[in-house]
Amino acid sequence: MPILNKVKAIVLFKRLATFAVYYLSNTLKDLGIMETAMLQIQKLSFSYGKKRMLFRDFSLDIEAGKVIGLLGKNGTGKSTLLYLMCGLLRPKKGSILFKGVDVWRHCPDLLSDMYLLPEEFMLPSLRLKEFVCLNAPFYPRFSDEILRSCLRDFNLDSDIHLGELSMGQKKKVRMSFALATNTRLLLMDEPTNGLDIPSKSQFRKVMATGMNDEKTVVISTHQVRDVDRILDHIIVIDEAELLLNQSVSKVMEKLFFAEQEVNAPANEALYMQPSVYGNSVILPNATGEDSVLNLEILFNALFEAREKIQRLFNE
Amino acid sequence: MKNSFSIMRFAMLLRHDLLGDWKRNLWYFVCLYSVMTLAGLMFMGNALSPSHINPATAFHDYAVRMFVFLSVFVFAMWGLALSGVMFPANTREKQIAYLMLPATRAEKFVSRLVIVVLGPCIMLVAAALCMEFTRQLFVWVSAGEEYFSGNLFHEIMVHFRDNFSGARANVSAFVTILYAWSLSCFLLGGNIWHRRPFLKTLSVLTLFNYVAVMTTDSIFERNRGYFAENLATVEQVTVFLIHCLQSLFV
């Protein structure tokens, strides 16, 4: 009997301790004292089969409430990283934690709080209402209102048959559904591929209206012009290396984007490339002046003048 | 949200799988019903032809033919359904969508298992009842009432009881085990091959059976004396095979 009491006491103590740790960490998070990332990638190593390593000891923290642009050249592993983030692929080494839980565990709790919009997908041959009726119950925070609003923004009727839509329209429907799920993490792989020019601006509007402080959207794309106005944070990867991981405000604080005439002096320019007006240049932002982010030139600069740019951010 | 097995989520998943693919399920049922009905009417027409008709045994002969046909047909259709166990994940896009669905792996697997094991059972029973109803309607309309107005499934059961019970119980048990084993191969095939799993499994099963028959034949040929003495009847062969199977596991 005394042994049983001892075991009971230990169990009770463990439960109390767990509760105390949980309560304390939540209080610290609420007070903003303890900053925790929504998604943590820790020392990730990954390769397809026995091919060369796509990621080696790759670490990255993704904070909540931001629209993050995941940029990189073709074949650098952007989509792979997205699939790793949602647990579709298993890391060879390291771990990926979403809300502190390993994504590879495929817990329904985690899956109902993340949504992946792949570049290519299939929609069943159903009416939209039926599709929503079958899929929405899996997402506890699904909002019909957001769905209707997004469809309206995309100029789509809510009474449509998914089998009769074009690829671009299907993408818009899937995007609207993804935003309506209200998941904390939304992963989008090349969302603007297949969209026409008006739809790309509609996409930016939908993204802006569908965002809130709890939501994090990771957009993997190489079409930087489509997303440059909606991003809060930029991540550029190349050969499994993190070339840039900065907020847009930090980028604008450090860099000045300008257009110059061909003959204008460019001694201070960190990077320069020809444009229709003359030259597009990136200069160090010494005066804290505002400029318009040119993601395309920044992307090119990171490959051509990597050290100069990185040095500026490390200062 | 519960991360262990949840009945609610499981029900949602079943609904998602069944209704999300209702056209395929409907086609499956229509195919079952139409082929069974067509075969039922054709065999009846054949039995009714003046050269074959024997009033005393016409219905029984018809039931036996239908029994043989249904055994093969049900095997093929059930195999087809079982090989589609991974149908919601047979392309990369569908695989991603299915894996990202918020449910546990166990819930997803059990849901698929229920759909491919119980689903065809229910559809087969429903299609068989519809077929029998259509047949009775046809018999009533045509002149075959005299011979074929009896209950087909009752007649099949009587035939089964008379031929596969008592002394032949071992044979029926062995055939049932083989039937179930072969069907389970389709389930395995469906997990291995995501494209054309039915045809691939059927090919492998046919090849395997061919090799097994050839090997057995060769063994029998070499030990003709022993087998002639100890395995003269079907029952003896069956008991021998069951003992062989037992020795593999015990």
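Residues numbered from 1 in each chain as written. Chains lettered and ligands numbered in written order. Predicted model: local features only at pLDDT ≥ 70, side-chain atom pairs only at ≥ 80, totals over all residues. Heavy atoms only, no water.

**Quick notes on the overall build of chain A**
Right, on to step 1. Along chain A, the regular secondary structure elements total 11 helices and 13 strands.
Right, on to step 2. The principal-axis extent of the C-alpha atoms belonging to chain A is close to 90 × 50 × 45 Å.
Right, on to step 3. Burial analysis of chain A (315 residues in total) assigns 52% to the buried set.
Right, on to step 4. Intrachain contacts of chain A at a sequence separation of at least 6 include 67% that bridge at least 24 residues.
Right, on to step 5. Accessible surface computed for chain A: about 16300 Å², of which carbon and sulfur atoms make up 52%.
Right, on to step 6. Measuring between centres, the 39 positive side-chain charges of chain A sit 9 Å from its 38 negative side-chain charges. (Helix = DSSP H or I, 4+ residues; strand = E, 2+ residues; numbered from the N terminus. Buried < 20%, exposed > 50% of the residue type's maximum accessible area, 1.4 Å probe, protein only. Contact = heavy atoms within 4.5 Å. Areas by Shrake-Rupley, 256 points an atom, 1.4 Å probe, with all protein chains shown as cover. Lys, Arg positive; Asp, Glu negative; His and termini not counted. Charge placed at Lys NZ, Arg CZ, Asp CG, Glu CD.)

**Some remarks on the interface of chain A and chain B**
Right, on to step 1. With 26 residues of chain A in contact, the opposing surface of chain B contributes 25 residues.
Right, on to step 2. A buried area of about 2300 Å², summed over both sides, lies between chain A and chain B, and 68% of it is on carbon and sulfur atoms.
Right, on to step 3. Put simply, chain A and chain B have two residue pairs in polar contact (both at pLDDT 80 or more) between them.
Right, on to step 4. Listed by contribution, the elements that provide at least two residues to the side of chain A that touches chain B are α3 (108-111), β6 (114-117) and α4 (128-135) of chain A.
Right, on to step 5. Looking at the side of chain A that touches chain B, its residues break down into 20 nonpolar, four polar and two charged. (Buried area = accessible area lost by both parts, 1.4 Å probe. Polar contact = N/O pair within 3.5 Å; in protein donor to acceptor, adjacent residues only side chain to side chain. Nonpolar A, V, L, I, M, F, W, Y, C, P; charged D, E, K, R; others polar.)

**Points about the domain arrangement of chain A**
Right, on to step 1. Along its sequence, chain A is carved into domain 1 (1-35), domain 2 (39-239) and domain 3 (247-314).
Right, on to step 2. The centre of domain 1 of chain A, based on its C-alpha atoms, is set 36 Å off from the matching centre of domain 2 of chain A. (Domains from an automatic or database assignment.)

**Overview of unusual backbone geometry**
Residues and elements named next belong to chain A.
Right, on to step 1. If you check the backbone angles, Asp57 has positive phi at about 50° while not being a glycine.
Right, on to step 2. The topology assignment puts Asp57 in strand β2 (residues 55-62).
Right, on to step 3. A relative accessible area of 52% places Asp57 in the exposed class.
Right, on to step 4. Even without being glycine, Lys99 reaches a positive phi, approximately 55°.
Right, on to step 5. Tracing the sequence through the fold places Lys99 in the loop between β4 (93-98) and β5 (101-102).

**Comments concerning the sheet that holds β4 of chain A**
All names here are of chain A.
Right, on to step 1. Pairing within the open sheet is antiparallel, and its four strands lie in the order β2-β1-β4-β5. This sheet does not close on itself; its edge strands, each paired only once, are β2 and β5.
Right, on to step 2. Across two bridges, the pairing between β4 and β5 is antiparallel. Within β5, the position partnered with Leu97 by the bridge is Asp102. (Pairing = 2+ DSSP bridges.)

**Looking at the sheet that holds strand β7 (residues 185-189) of chain A**
All names here are of chain A.
Right, on to step 1. Pairing in this open sheet of six strands is mixed, and the strands run β6-β7-β8-β3-β9-β10 from one edge to the other. Where the open sheet ends on each side, the last strands, each with one partner, are β6 and β10 (241-247). Each strand axis lies, on average, 15° off the axis of its neighbour in the sheet, ignoring direction.
Right, on to step 2. Direction of pairing for strand β3 (residues 67-72) relative to strand β9 (residues 233-238): parallel, over a ladder of five bridges. (Axes fitted to C-alpha atoms, helices over the stretch in contact; angles between N-to-C directions.)

**Some details on the layout of surface pockets**
Right, on to step 1. The volume enclosed by the largest pocket comes to roughly 1000 Å³.
Right, on to step 2. As for the largest pocket, its lining consists of 44 residues, of which Gly20, Asp21, Phe87, Pro88 and Lys94 of chain B are closest to the centre.
Right, on to step 3. Contributing elements (two or more residues each) for the lining of the largest pocket: β6, α4 and α6 (167-180) of chain A together with α1 (7-20), α2 (22-48), α3 (58-83), α4 (92-99) and α5 (105-141) of chain B.
Right, on to step 4. Here the element with the most residues in the lining of the largest pocket is α2 of chain B; it accounts for seven residues. (1 Å grid on protein atoms, 1.4 Å probe; cavity = no way out; pocket = protein on both sides within 12 Å on 5 of 7 lines; lining within 4 Å. Points joined across faces, edges and corners; volume = space filled by probe spheres on them.)

**Description of the domain arrangement of chain B**
Residue and element names in this part refer to chain B.
Right, on to step 1. The domain boundaries assigned to chain B delineate domain 1 (1-164) and domain 2 (166-250).
Right, on to step 2. Once you take the C-alpha centre of each, domain 1 and domain 2 turn out to be 25 Å apart.
Right, on to step 3. Contacts between the two partners involve 19 residues from domain 1 and, on the opposite side, 14 residues from domain 2.
Right, on to step 4. By the criterion of area lost to domain 2, the three top residues of domain 1 are Phe75, Ser83 and Phe164, representing 38% of everything that side buries.
Right, on to step 5. At the surface where domain 1 touches domain 2, the tally comes to zero salt bridges. (Salt bridge = Lys/Arg side-chain N within 4 Å of Asp/Glu carboxyl O.)

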